[in-house]
Amino acid sequence: MHQAARLEFERVMDEFVRWHVVPGDERSPAPAWWWGPAMAVVDDHEPMSGAWCSELGLNEGASFADGARTILALFVEQTSLTGPQDFPRKAEATDHEVRELHPQPSDDSAFQP
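So, here is what we can say about the structure in this document.

Definitions and limits used
Residues numbered from 1 in each chain as written. Predicted model: local features only at pLDDT ≥ 70, side-chain atom pairs only at ≥ 80, totals over all residues. Heavy atoms only, no water. Helix = DSSP H or I, 4+ residues; strand = E, 2+ residues; numbered from the N terminus. Buried < 20%, exposed > 50% of the residue type's maximum accessible area, 1.4 Å probe, protein only. Contact = heavy atoms within 4.5 Å. Areas by Shrake-Rupley, 256 points an atom, 1.4 Å probe, with all protein chains shown as cover. Arc of directions from axis to C-beta. Core = buried A, V, L, I, M, F, W, Y, C linked by side-chain atoms within 4.5 Å.

1. Some thoughts on the overall build of the chain
Phase 1: Across its full length, the chain carries four helices and zero strands.
Phase 2: By residue count, 32% of the 113 residues in the chain fall in the buried class.
Phase 3: A separation of at least 24 residues holds for 64% of the contacts in the chain among residues at least 6 apart in sequence.
Phase 4: Of the accessible surface of the chain, which amounts to about 7900 Å², a share of 54% is contributed by carbon and sulfur atoms.

If you want it as structure tokens, here you go:
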């Protein structure tokens, strides 16, 4: 496996652990940014660490491919996306709350009359 793919999957597993400890009714949907790292290792049959197998509910000696399929299965029935502000716990905002956008200062000095 390419080292970069392994590092990205390691990041996903660190985030998965943080996400999984949040009670189910308070937990955000699985974040879409896990998709790419999981796809990068979906054909890797090298065994994962025992700790990762345990976190994912897999038997000891499960492969990275097994772990990737477990992560990807989180998306099967998911109907919404998670933003970074909503991870790992759902935001406190109501569904109908509108986030106010504040005007940003502009630099009109580039357009001298």
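2. A closer look at unusual backbone geometry
Phase 1: Here the amide bond leading from Phe-87 into Pro-88 is cis, since omega sits at 0°, within 30 degrees of zero.
Phase 2: By secondary structure assignment, the location of Pro-88 is in the segment after α4 (64-73).

3. Focus: α4
Phase 1: Among the residues of α4, those classed as buried are Phe-64, Ala-65, Gly-67, Ala-68, Ile-71 and Leu-72. With its buried residues spanning 160° around the axis, α4 presents them on a single face.
Phase 2: Residues of α4 that are buried sit in contact with α1 (3-20), α2 (35-40) and α3 (50-55).

4. Here we look at the nonpolar core
Phase 1: Ranked by internal contacts, the top residues of the largest apolar core, which has 22 residues, are Phe-9, Phe-16, Trp-34, Met-48 and Ile-71.
Phase 2: Of all the secondary-structure elements, those providing two or more residues to this core are α1, α3 and α4.
Phase 3: Dropping the residues within four chain positions of it, Phe-9 is found in contact with Pro-37, Ala-38, Val-41, Met-48, Trp-52, Phe-64, Gly-67, Ala-68 and Ile-71.

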